[in-house]
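Structural overview
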Amino acid sequence: MKMDAELLHSPVVGLSEEEEADMSDWNLPLAFMKKRHLEKIEGSKALAQSWRMKDRMKTVSVALVLCLNVGVDPPDVVKTSPCARLECWIDPLSMSPQKALETIGANLQKQYENWQPRARYKQSLDPTVDEVKKLCTSLRRNAKEERVLFHYNGHGVPRPTVNGEIWVFNKNYTQYIPLSIYDLQTWMGSPSIFVYDCSNAGIIVKSFKQFALQREQELEVAAINPNHPLAQMPLPPSMKNCIQLAACEANELLPMNPDLPADLFTSCLTTPIKIALRWFCMQKSAKLVPGVTLDLIEKIPGRLNDRRTPLGELNWIFTAITDTIAWNVLPRDLFQKLFRQDLLVASLFRNFLLAERIMRSYNCTPVSSPRLPPTYMHAMWQAWDLAVDICLSQLPTIIEEGTAFRHSPFFAEQLTAFQVWLTMGVENRNPPEQLPIVLQVLLSQVHRLRALDLLGRFLDLGPWAVSLALSVGIFPYVLKLLQSSARELRPLLVFIWAKILAVDSSCQADLVKDNGHKYFLSVLADPYMPAEHRTMAVFILAVIVNNYNTGQEACLQGNLIAICLEQLSDPHPLLRQWVAICLGRIWQNFDSARWCGVRDSAHEKLYSLLSDPIPEVRCAAVFALGTFVGNSAERTDHSTTIDHNVAMMLAQLINDGSPVVRKELVVALSHLVVQYESNFCTVALQFMEEEKNYAAPSPANTTEPGNQTPVRESPAIPRLRSVNSYTNIRAATTARNLNKSLQNLNLSEEGGPVTFSPGNLSASSSASSTLGSPDNDEYILSFETIDKMRRVSSYSSLNSLIGVSFNSVYTQIWRVLLHLAADPFPEVSDLAMKVLNSIAYKATMNARPQKILDSGSLTQSAPASPTSKGTLIHQAGGSPPIPGVSSSSLTNEVPKPPTRDAPPTRPPYTPTLGTQATPHSHQFQRTRKMFDKGPDQMAEDGEEAPGHRNFISVALQTGLCDWSAKYFAQPVMKIPEEHDLESQVRKEREWRFLRNAGVRRQSQRIIQRGITRLDDQIFINRNPGVPSVVKFHPFNPCIAVADKDSICFWDWEKGERLDYFYNGNPRYTRITAMEYLNGHDCSLLLTATDDGALRIWKNFADQRNPEMVTAWQGLSDMLPSTRGLARRVSIYIDRSKQGGAGMVVDWEQETGLLMTSGDVRVIRIWDTEREMKVQDIPTGADSCVTSLSCDPQRSLVVAGLGDGSVRVYDRRMAPNECRVMTYREHGAWVVKAHLQRETDGHIISVSVNGDVRFFDPRTPDSINILQTVKGLTALDIHPQANLFACGSMNQFIAVYNSNGDVISNIKYYDGFMGQRIGAISCLAFHPYWPHLAVGSNDYYMSIYSAEKRLR
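Structural notes, computed from the coordinates. Treat the numbers as computed from the prediction; the structure is a model and nothing was measured. (Residues numbered from 1 in each chain as written. Predicted model: local features only at pLDDT ≥ 70, side-chain atom pairs only at ≥ 80, totals over all residues. Heavy atoms only, no water.)

1. Focus: the packing of aromatic side chains
Across all of its chains, the model carries 40 aromatic pairs by this definition. With a centroid separation of 5.0 Å and 80° between ring planes, the pair formed by Phe 410 and Phe 411 is classed as edge-to-face. Looking at Phe 410, the relative accessible area reads 3%, which means it is buried. Note on Phe 1061 and Trp 1097: the rings are 4.7 Å apart at their centroids and 55° apart in plane angle, and the pair reads as tilted. On the criterion of sequence distance, the pair formed by Phe 1061 in strand S13 (residues 1056–1062) and Trp 1097 in strand S16 (residues 1093–1098) is long-range, its members being 36 residues apart. Across the pair, exposure class does not vary: Phe 1061 and Trp 1097 are buried alike. Taken together, the ring pairs in this structure connect Phe 265, Phe 335, Phe 339, Phe 349 and Phe 352 into an aromatic cluster. The ring of Trp 89 has Lys 274 lying over it, and the distance from NZ or CZ to the ring centre is 4.6 Å. Lying across the ring of Tyr 1339, Arg 1022 places its NZ or CZ 4.5 Å from the centre. (Phe/Tyr/Trp six-rings, centres within 6.5 Å; stacked < 30°, edge-to-face > 60°. Buried < 20%, exposed > 50% of the residue type's maximum accessible area, 1.4 Å probe, protein only. Helix = DSSP H or I, 4+ residues; strand = E, 2+ residues; numbered from the N terminus. Lys NZ or Arg CZ within 6 Å of the ring centre and 35° of its normal.)

2. Structural notes on the sheet that holds strand S14 (residues 1071–1077)
In spatial order, the strands read S14-S15-S16-S17; together these 4 strands make up an open sheet with antiparallel pairing. Each of the sheet's edge strands pairs with one partner strand only, and the pair in question is S14 and strand S17 (1107–1113). On average, adjacent strands in this sheet sit at an angle of 20° to one another, irrespective of strand direction. With 6 bridges joining them, S16 and S17 adopt antiparallel strand pairing. For Ala 1093, the partnering residue across the bridge sits in S17 and is Gln 1113. (Pairing = 2+ DSSP bridges. Axes fitted to C-alpha atoms, helices over the stretch in contact; angles between N-to-C directions.)

3. Considerations on the sheet that holds strand S8 (residues 367–369)
Pairing in this open sheet of 6 strands is mixed, and the strands run S2-S1-S3-S6-S7-S8 from one edge to the other. In this open sheet, the two strands that pair with only one neighbour each are strand S2 (120–125) and S8. Across the sheet, the axes of successive neighbouring strands diverge by a mean angle of 10°, strand direction being ignored. Pairing between strand S1 (residues 59–66) and strand S3 (residues 147–153): 7 bridges, direction parallel. Bridge pairing in S3 places Leu 64 opposite His 151. Docked against the sheet, helix H6 (residues 202–224) engages strand S6 (192–197), strand S7 (243–246) and S8, running at close to 160° with respect to S7. (Contact = heavy atoms within 4.5 Å.)

4. Digging into the pairing of strand S27 (residues 1243–1247)
Of all 5 residues that make up S27, 5 are buried, and the element is covered over most of its length. Of the two faces of S27, the one carrying Ile 1243, Ser 1245 and Ser 1247 and the one carrying Ile 1244 and Val 1246 are both buried. Both strand S26 (residues 1230–1235) and S27 contribute to a ladder of 5 bridges, which runs antiparallel. Across the sheet, Val 1230 pairs through a bridge with Ser 1247, a residue of S27. Here S27 pairs with strand S28 (residues 1251–1255) via 4 bridges, running antiparallel. Bridging from a neighbouring strand, Ile 1243 pairs with Phe 1255 of S28. Adjacent in sequence and paired antiparallel, S27 and S28 are bridged by 3 residues, among which Gly 1250 carries a positive phi angle near 90°.

5. Thoughts on the packing of helix H11 (residues 310–329) against helix H14 (residues 380–401)
Helix-helix packing is described using two parameters, namely the angle between the two axes and the distance between the axes. Contact geometry for H11 and H14: axes closest at 10 Å, N-to-C directions at 175°. As far as their axial angle goes, H14 and H11 are roughly antiparallel. Of the residues in H14, those in contact with Pro 310, Leu 314, Ile 317, Phe 318, Ile 321, Thr 322, Thr 324 and Ile 325 of H11 are Met 380, Trp 381, Ala 383, Trp 384, Ala 387, Val 388 and Cys 391. Its residues assigned to classes, the contact of H11 with H14 shows 13 nonpolar, 2 polar and no charged. (Parallel < 35°, antiparallel > 145°, perpendicular 65-115°, else oblique. Nonpolar A, V, L, I, M, F, W, Y, C, P; charged D, E, K, R; others polar.)

6. Section: helix H9 (residues 272–282)
Side chains three or four residues apart in an α-helix point the same way, a direct result of the helix having 3.6 residues per turn. By the criterion of burial, H9 is predominantly enclosed, with 9 of the 11 residues buried. When H9 is considered as a whole, its buried residues turn out to be Pro 272, Ile 273, Ile 275, Ala 276, Leu 277, Arg 278, Trp 279, Phe 280 and Cys 281. Contacts from the buried residues of H9 go to helix H3 (97–115), helix H8 (264–270), helix H10 (294–298), H11, helix H13 (343–360) and H14.

7. Re a negative patch on the surface
Residues Glu 977, Glu 978, Asp 980 and Glu 982 make up a contiguous surface patch of negative charge. Checked against the element boundaries, Glu 978 lands in the loop between helix H40 (960–969) and helix H41 (984–1008). Classification of Glu 978 as partly exposed rests on a relative accessible area of 37%. (Patch = residues over 30% accessible without salt bridge, like charges linked within 9 Å, V, L, I, M, F, W, Y side chains within 5 Å. Areas by Shrake-Rupley, 256 points an atom, 1.4 Å probe, with all protein chains shown as cover. Salt bridge = Lys/Arg side-chain N within 4 Å of Asp/Glu carboxyl O. Lys, Arg positive; Asp, Glu negative; His and termini not counted. Charge placed at Lys NZ, Arg CZ, Asp CG, Glu CD.)

8. Section: the pattern of salt bridges
This model, assessed by the stated rule, comprises 45 salt bridges. Its salt-bridge partner being Lys 1031, residue Glu 1075 comes within 3.7 Å of it at the nearest N-O pair. Highlighted residues: Glu 1075 in strand S14 and Lys 1031 in strand S10 (residues 1029–1032), separated in sequence by 44 residues. You can call Glu 1075 buried: its relative accessible area is 12%. A salt bridge links Asp 1176 to Lys 1173, with the nearest nitrogen and oxygen atoms 3.4 Å apart. Overall, Asp 1176 belongs to the partly exposed group, its relative accessible area being 23%. Ionic contacts of the salt-bridge type, sharing partners, join the residues Arg 36, Glu 616 and Glu 1171 into one network.

9. Quick word on unusual backbone geometry
Each neighbour pair has its own omega, and for Ser 190 with Pro 191 the value is 0°, a cis peptide bond. You can see Pro 191 is positioned in the loop between helix H5 (181–188) and S6. The residue after Ser 369, namely Pro 370, is reached through a cis peptide bond having omega 0°. Along the chain, Pro 370 turns up in the loop between S8 and H14. A positive phi angle, close to 60°, is found at Asn 515, a residue other than glycine. The residue Asn 515 is located in the loop between helix H21 (508–513) and helix H22 (516–525) in this model. Positive phi is not limited to glycine here, since Asn 1078 has a value of about 50°. In this structure, Asn 1078 sits in the loop between S14 and strand S15 (1084–1089). In this structure Asn 1078 comes out as buried when scored by relative accessible area, which is 0%.

10. Topic: a nonpolar patch on the surface
Together, Tyr 967, Val 972 and Met 973 line one region of the surface with nonpolar side chains, adding up to about 260 Å² of accessible area. Mapped onto the elements of the fold, Tyr 967 is located in helix H40. For Tyr 967, a relative accessible area of 37% corresponds to the partly exposed category.

11. Structural notes on the packing of helix H20 (residues 490–503) against helix H23 (residues 531–544)
It is at 9 Å that the axes of H20 and H23 come closest, and there the two elements cross at 40°. Judged by the inter-axis angle, H20 sits oblique to H23. For the pair H20 and H23, the crossing hand works out as left-handed. For the pair H20 and H23, contact is made by Pro 491, Val 494, Phe 495, Trp 497, Ala 498, Leu 501 and Ala 502 and by His 533, Met 536, Ala 537, Phe 539, Ile 540 and Val 543, respectively. Partitioned by chemical class, the residues of the contact of H20 with H23 number 12 nonpolar, 1 polar and no charged. (Left-handed = near helix turned anticlockwise from the far one by under 90°.)

12. As for the pairing of S2
Bridge count between S1 and S2: 6 bridges; the pairing is parallel. Bridged to Ser 61 within S2 is Arg 120. Once the chain exits S1 it traverses H3 before rejoining the sheet at S2, and the crossover so formed is right-handed. (Right-handed = clockwise from strand over helix to strand, strands pointing away.)

This is how it looks when you write it as structure tokens:
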């Protein structure tokens, strides 16, 4: 193909001027690209929260065992001289040995009491084996299941032995006596913690583990063999929960440096600040801090637990640093166990990190079990050295001159580091080291505001950040802060709590217990609070009252309902949405809240939200009204009246444009159905009777012409109604092997197809419904029946049947449910089918009280029915019994005995009968969560079966609230990807817009040169079905071809088929219009069918499965009709349908408005942003609308009608005066009316007779007339090039230019032995290129273009 050089410039080189000018695509709004369209409406998978300590423990008893034997050195250690002497900071040689021993014991107890003042301390000084045994057993007896600490100082006895013994004394101190660790384990039991301060302490740790293993094996032996001698003995306690801290490895001696205490390990564990400061002074670097001596350190002012004093601040910094090191180095579960479970254990382990650092500098390696990774080189120790340095450098002046103490910049600097991590880091990175410090800082008023702000920004990163923060231990701190009255903390705390509850809603109980809900009630009631903070507060309250009775009561007392009702009309949509959800949850199954709502006429205030512009808000309002009527308390006349009012208000949403709203509507009405079950059963029976007597054939029974779908030999694939399965069509290899009758195929219990012969499937079987339901349950009322009932009830005399007037509420709600069961969106219709069948089942069960059992046909796999009332099981013959209102009377077909090829294990359900009355246990989800007892343990015959009631109310929920809550769990502060200039999404969009500009520019050039011929065939292929509508994608080389109920996508450049899928419309309807939405960007395809339904698809033609984005009833009263005064002469696909205009649409991307009309008397305008009807323009004619065209700049809508008139409407004017012009010059059906989109664009209209007329909207008569071929069947006008293409019954296409000259006549296909073109069924021009697509009744789809040298 020869390309002009000038067409190849710019996209590579850079933007040319005209290209920059043509980036108008950026300003176009996108339709149906909100979260509710892109995501599945369900909550997030709850993360398993491990932060709550399942077993918080306390160390309640402490045994201090000191073997010092002051004055006598043990024989196996040669001490240096001078040597380390201090024990508990006391020199034992400075007083008599006994006094020294007692003083050291008392001091050790004091040091431990700093960390755990409430424990029972027992000293055992230079003890014997018996004394140790007595001490340990009595402590364990008192401690019960709590933890006991055993502290052993062995400085006055020999080192531990390899056999696992430590040493104590005999009674008169003449011998050292070994004490086995095995015995010690037995006496101490578990859980325990052991501290060993002696040389070679690592040996004890090893022996301990060996003995523990030995115990485990003994336990196992005893468990297996009860006669084993071990089994007779009392079982030894397991040592799983024991913790050990030892001063050094198995082969190391304790340091003997005289500058250090002898019990260096104990000092590190119990007096960390004192030893850390001394050690700091002993380092070379201490010379850099002049004037600081060991004596001066003793005089540091302040108390350890007062954070405002130097000593207290150092202690606080030390705690923060050791906690941080542990959190960063340890595995999470170990950190939780050692640093969060038990206060004393946490303190000892924090101090153990210091011991490791100090003792390693003297070639000693402290050991712990469980073992910790080495931490002595961690970078945070440098921050500690700096803090000590800053503190000590002030000491001389503070002590000598009394100057004020300058606080350490440590916390401020750590917060800055945290801030840097938050602002600078990449998406996927390690968690910030400073998180535990942020936690410590919450304790200080000075830094609290900043810490909360940073914490909030961290939690905003997503659920993983919330889980991390909870695992660090943030929860008690932020819970305590709710008692603070500081106003400046409110927004921060509300934000933080919203984040926590969005991830872990179990915190509702903690909040109510600590009266935390009052805090959020006051925030919500505060009018000066910005809307976003009130939104978070109401979200938190909505979590507190969610399925939690205590929370509901607490919030009801706190006046939540009145506070919420005041904010229903807030301009902030998210706030309105959550206020409604919160109301719906507080009175869910909580009657006093409902009556409180009635007194405040809450339901009436909620009505205004039913017409809210935001679909999610409408949803929330429907949810709230649904739980309002769904209360199961006693009924009074008053409450029944209210329920009826609410029901009738809800019924108005039946044609809401958003499926999310309609799904919520089904659930809300199902609550009503559960409440008034018996009334609905009566209505159901009457409808079923009526339907049986009404003899109109259902359109599904009208047989289709045989030449339609040639039956192929290949295996047929059933058409499924459920959206995901529409894509099964892909698997169909041949062009169309979807034999229509196979739509009726029932799937067997296991989900595989039953073997069948098409002959035995009745024409109107329950298939389409069966397949549409989530688990292929067989229903009593099939989709066909329901659909027929719906249509029958519109014309039948049902109302005259029902005498009592208020019954009409139930009748109307039943009709609404029938209507929703035929909803074009499968999830909505499935839910409605469930509700209807649930009632139909009840009604038919109650109508046939006798039990029918025939053991002959009862097989193992028939599920038990939850209600044992009249369980219906088929007789051996396979045809159902017919007592009362039998299943066969639900449809007007005679049941045929089926031919059975199915495997015998299947439950005896016959696949052929239109509708089966089978026990509704069939509708239970396969994994039954409804009640724990199986369905067979349900109510007895006599009483009302609760199982069923349960089934309908529990099974039905939409997940809307949980899905809405995900908003709070996801990042709020992050720039959305599409606004991030560097993101992939943005780059792809830029690429698409450049491509679009190129298409517009190049096609413009070709058209400007003038098109003299249009007959170069660039594509031909056989379509799987007869093409009825074709539509070019504006910028891709892709074309959509619709047949009656499926859509095929072709790539017209490569000539290959991209996709073929089923649109999901009922059998008696056909696709009559298609539009590409967002064609400039992420394209969606809109299909309109002649029953008034609109469906929107995504992911087509790109190797992914097509998915339905949304669907709604665009026009409600369009029953496929044979209206239209001038019969259309076209040869329609289905003879019986000839005549109706179907549904016509026109789409305005600039405004997001969709115009719809057809066999109705109005033009209905939908706003896709709000997903609701914004305007009905009466056409003022008694004939169908056949063509629509609009111009967003001038707000004009032009309609061509079946009576030949062309009418112009200005949609800015009132409905009764918006028709501004009517042209009646055509004598027959208008095939196309087109409004040019220029400022003074003309209207071009063409009728069946081939007369083309040009009108100026400002003048009453045509300004030009051209005559083309008579007997038009299809026509299109090229929007840019002013070409007309006319398809005729006489099997040819004529292309005219704007002067009425024929530029091409196409009668034969190229190639194909010059085969004659079939009767033309549809035509369409490409919006930019000079391409014309033609579909004809012989299944062929071809595209013609201007001659090659032009392109």
